[in-house]
Amino acid sequence: MLVITRREGEEVVIGDPTDPVGVVRIASVKGDRVRLALDFPRDIEVHRREVADQIMAEKPSVVGKIRPSG
């Protein structure tokens with residue numbers, strides 16, 4: 001895991017800097033709360049961890065369910 005220190009208004013570029021996949025900007029810091037601004041293409045899903053965990057728990061597993069036709 002990479003840990004980066006940023007101040008309000010500063011950004012982190014994800015991917016190739018000449019054509020980034022996305023950008024994360026520190027929108028504001030108030031007390032122990034940090035607001036992030038995420039700029040990614042619409043086809044890239046971005047979820048909070050608790051939402052991602054919920055999605056994964058609800059998706060049926062396809063492992064072992066694919067059978068050859070015959």
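So, here's what we can say about the structure.

### Topic: the overall build of the protein
Helix and strand content of the protein: one helix and three strands. Listing every helix and strand of the protein by position from the N terminus yields β-β-β-α. Among the 70 residues that make up the protein, the fraction classed as buried is 9%. The long-range fraction of contacts in the protein, counting pairs at least 24 apart against all pairs at least 6 apart in sequence, stands at 2%.

### Quick notes on the sheet that holds strand β2 (residues 22-30)
Taken together, three strands build an open sheet; the order of strands is β1-β2-β3 and the sheet is antiparallel. Among the strands making up the open sheet, the edge pair consists of β1 (11-14) and β3 (33-39). Across the sheet, the axes of successive neighbouring strands diverge by a mean angle of 25 degrees, strand direction being ignored. Pairing analysis gives seven bridges linking β2 to β3, with the strands arranged antiparallel. Within the sheet, the bridge partner assigned to valine 23 lies in β3 and is aspartate 39.

### Here's the deal with the pattern of salt bridges
Scanning all chains against the criterion turns up three salt bridges. Two residues, aspartate 53 and arginine 49, come together in a salt bridge whose shortest N-O distance is 3.2 Å. In this pair, aspartate 53 and arginine 49 are both assigned in helix α1 (residues 49-58), four residues apart and thus about one turn of the helix distant. Take aspartate 53: its relative accessible area is 36%, and that puts it in the partly exposed class.

### Some remarks on the environment of alanine 37
Examined against the element boundaries, alanine 37 turns out to sit in strand β3. Exposure remark for alanine 37: the relative accessible area of 24% places this residue in the partly exposed category. On a C-alpha basis, the gap between alanine 37 and valine 23 in space is 8.1 Å, while along the polypeptide they are 14 residues apart.

### Overview of the pairing of β3
Burial within β3 is sparse, with just zero of its seven residues counted as buried. Between β2 and β3, which pair antiparallel one after the other, the connecting turn spans two residues, and glycine 31 there sits at a positive phi close to 65 degrees.

### So, the side chain of serine 28
Mapped onto the elements of the fold, serine 28 is located in strand β2. Each residue touching serine 28, except ones within four places of it in the same chain, is listed here: Glu8, Arg33, Val34 and Arg35.

About the criteria used
- Each chain carries its own residue numbering, running from 1 in the direction its sequence is written.
- The predicted nature of this model means local features are confined to residues of pLDDT at least 70 and side-chain atom pairs, given and counted, to a pLDDT of 80 or more, with totals for whole chains, interfaces and linings taken over all residues.
- Water and hydrogen atoms play no part in the side-chain values, which are based on all heavy atoms of the structure.
- Numbering goes from the N terminus for both helices and strands, where a helix is a DSSP run of H or I of at least four residues and a strand is a run of E of at least two.
- To sort residues, take the accessible area from a 1.4 Å probe on protein chains only and compare it with the maximum for the residue type: under 20% means buried, over 50% means exposed, and anything in between is partly exposed.
- Contacts were defined at the residue level, with two residues in contact if any of their heavy atoms lie within 4.5 Å.
- At least two bridges found by DSSP between two strands is the condition for calling them paired.
- Axis definition: a line fitted to C-alpha atoms, limited for helices to the stretch in contact. Angles are taken between N-to-C directions and run from 0 to 180 degrees.
- One side-chain nitrogen of Lys or Arg within 4 Å of one carboxyl oxygen of Asp or Glu is enough to make a salt bridge.

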